[in-house]
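Geometric and topological summary
One-letter residues, chain by chain:
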Amino acid sequence: PAALDGIKALPAELRQKVRRMISALQENPAPLDSRAIVPDDSRLKPGQTLRCLRLDGGRIVYAVNAARRIVDVLAVRSRPPYDYEYLKQLIAKIK
């Protein structure tokens, strides 16, 4: 739900781009323009990684469970903020 709210808050032209980017994660969950995020007190389960994709004035934060082949989009946020303080709350929501 948080990711959907973030997408809805974007301008229309950016919403379409975000939807395409998220759809492409099904085929390649670690595209070259994404980067891994390593939280300070990682509560990620074994086999899970947290990644970020930048977009115009924002970012898509998502978790990848490689063993189960699942991508969970956790948030679509505008920038700033440039920190990742909200990651603890997002990680707690990963199934």
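Everything below is about the structure shown above.
Below: a short report on this structure. Only a predicted model underlies this, so the values are computations on that prediction, with no experimental measurement involved.

1. Looking at the overall build of the protein chain
- Each helix and strand counted, the protein chain has 3 helices and 4 strands in total.
- Starting at the N terminus and walking to the C terminus, you meet the elements of the protein chain as α-α-β-β-β-β-α.
- Counting across all 95 residues of the protein chain, residues that qualify as buried make up 38%.
- Of all intrachain contacts in the protein chain linking residues separated by at least 6 positions in sequence, the fraction that spans at least 24 positions is 40%.
- Summed over all atoms, the accessible surface of the protein chain reaches about 6,200 Å², with 52% contributed by carbon and sulfur.

2. Quick notes on the environment of Cys52
- Inspection of the secondary structure puts Cys52 in strand E2 (residues 48–55).
- The buried category is assigned to Cys52, whose relative accessible area is 2%.
- When the C-alpha positions of Cys52 and Leu74 are compared, they lie 10.0 Å apart, and in sequence the two are 22 residues distant.

Analysis parameters
- Residues numbered from 1 in each chain as written.
- Predicted model: local features only at pLDDT ≥ 70, side-chain atom pairs only at ≥ 80, totals over all residues.
- Heavy atoms only, no water.
- Helix = DSSP H or I, 4+ residues; strand = E, 2+ residues; numbered from the N terminus.
- Buried < 20%, exposed > 50% of the residue type's maximum accessible area, 1.4 Å probe, protein only.
- Contact = heavy atoms within 4.5 Å.
- Areas by Shrake-Rupley, 256 points an atom, 1.4 Å probe, with all protein chains shown as cover.

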